[in-house]
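Listed below are the residues making up each chain.
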Amino acid sequence: MEKTLVKSQALFERARRVIPGGVNSPVRAFKSVGGTPPFITRGAGAHITDADGNEYIDYVLSWGPLILGHAHKEVVAAAVEAIAGGSSFGAPTEREVVLAETILSFFPGMEMIRLVSSGTEAAMTAVRLARGYTRRDKIVKFAGCYHGHSDCLLAEAGSGIATLGIPATPGVTQATAADTLTVEFNDIAALDALLDQWGDTIAAVIVEPVPGNMGVVPPADGFLPRLISAARSRGALVIFDEVMSGFRAALGGAQTLWGLDPDITLLGKVIGGGFPLAAIAGKRHIMEHLAPSGPVYQAGTLSGNPAAVAAGIATLTVLSGPGVFDTIAKKTDVLRRGLIDAADSAGIRLRGNAVGTMMSFFFSDGPVDNFAAAKATKSDLFVRWFHEMLGRGIYMAPSPFEALFLSAAHSGRDIRDTVAAARDAFARL
Ligand code: HOZ
């Protein structure tokens, strides 16, 4: 079952002449699964339409932000109203204060927040802040975790780096690479050994508390609290990258779900309601090291952009309404169970990892609890499944090293249609 992608093919050829790989972010090019990426013309609720008029049920949702679905009425109205009053000022506005207060109200351990424009920028700033605060240089990250594309965070990164099998070093100086130490996720003994070895040179341990960029890989019981005490006992800061899990593992992220207290938190995606907006939040005594309160420099012409901030406030307001988040999480679980049952009936072993409203599927007999296990899953089967599903109008991320996302807009019928498509798809693998 294949969709006609004549117009998308023509657009892709045109794009490749002027944009490297034809896309503005690598995984969109479908390089690891092959074929033509549909060029999207519009989105409404849980559905998107491509240039050839094909419709899809969307589980990418702009890689997570659209937790209310495409073109949600209140989000659109808020953004339009903001733009109509001026699209950017490069000066402080009341809306920024409202969004800052709103976000912090979901993260009781975070005391101050700085709005930026992308998750990469938030992570890059967090590393500089941790180094400036501790006066140490080294950063520890976990294999398969992805924290955007700043130089020091590319080592053993998930997402597009894993999908495309790109080495982390081209363009990164040896000195920078040497300041990043990596360790397997969920392996507290290995983390302890690394921290013992490098001791007081480590500025911070950065982690996605619910990794979503090697696929979704939940933390083992006790791993995160032990990570926090292991880092603290050596004087290193703990940075939780909740860009993905922030309003998806739970409203207040993994830290609220499990009662954890990192020093710094990175947020993005959902908080911008589909616009470029991210944030770095943290303890007051650390955040006040940022300029202009302190000496660690960070700035941005479009930081706190009015449309993005308005869309973020509207999104969080709707999302925190009674039962809204829990309903999305329940739908996520229904879909997870439906897909696993569908695979079972075709004699296929499918692992479904999920936390809150984010999940991933791996073709694997055993559990997938770290990057090594994720890389060992049957990616050839994933590629075939991906195309069978796409041909049936189900739009998923073109990589097992990404997450599927649900939204408030996905209906019971969307989920039933997806499970029915999966039954047909698995029968053909
Ligand atoms: N790194 C993003 C997913 N984890 C991909 C974003 C995009 O290609 O748009």
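Heads up: these notes are all about the structure in this document. (Residues numbered from 1 in each chain as written. Predicted model: local features only at pLDDT ≥ 70, side-chain atom pairs only at ≥ 80, totals over all residues. Heavy atoms only, no water.)

### Brief notes about the sheet that holds strand S14 (residues 404-405)
The test is simple: Being paired, for any two strands, means DSSP has found at least two bridges between them. Labels follow the DSSP assignment, with helices taken as runs of H or I lasting at least four residues and strands as runs of E lasting at least two, numbered in each case from the N terminus.
Pairing in this open sheet of three strands is antiparallel, and the strands run S11-S12-S14 from one edge to the other. At either end of the open sheet lies a strand with only one pairing partner, and these are strand S11 (350-355) and S14. Note that S11 and strand S12 (residues 358-363) share six bridges and pair antiparallel. Bridging from a neighbouring strand, Asn 353 pairs with Ser 360 of S12.

### A look at the environment of Leu 237
The cut-off we apply is this: By the convention used here, residues are in contact when the closest approach between their heavy atoms is within 4.5 Å.
Position of Leu 237 among the secondary structure elements: in strand S8 (residues 237-241). Residues Leu 237 and Pro 262, 25 residues apart in the sequence, show an inter-C-alpha distance of 7.8 Å. If near-sequence neighbours (up to four positions away) are discounted, Leu 237 is found in contact with Ala 130, Tyr 133, Thr 134, Ala 203, Ala 204, Val 205, Ala 231, Asp 263, Ile 264 and Ile 286.

### Description of the site of the ligand
Using the following cut-off: Residue proximity to a molecule or strand is established when one non-hydrogen atom of the residue lies within 4 Å of it. Residues adjacent in sequence count toward polar contacts only when both atoms are side-chain atoms; beyond that, a polar contact is any pair of N or O atoms within 3.5 Å, and within protein one must be able to donate a hydrogen and the other to accept it. Each accessible area is a Shrake-Rupley result for a 1.4 Å probe, and residues are judged covered by the shown protein chains and nothing else. We call Asp, Glu, Lys and Arg charged. Ala, Val, Leu, Ile, Met, Phe, Trp, Tyr, Cys and Pro are nonpolar, and the rest, Gly among them, are polar.
Taken together, Ser 25, Val 27, Arg 28, Trp 63, Tyr 146, Ser 159, Asn 213 and Glu 402 make up all the residues around the ligand. With respect to the ligand, the side chain of Trp 63 contributes an N or O atom lying 3.1 Å from an oxygen atom. Asn 213 is positioned with one of its side-chain polar atoms (N or O) 2.8 Å from a nitrogen atom of the ligand. When the ligand is considered free in solution it has 290 Å² of accessible area, and contact with the protein chains removes 86% of it. Looking at the shell around the ligand residue by residue, the classes come out as three nonpolar, three polar and two charged.

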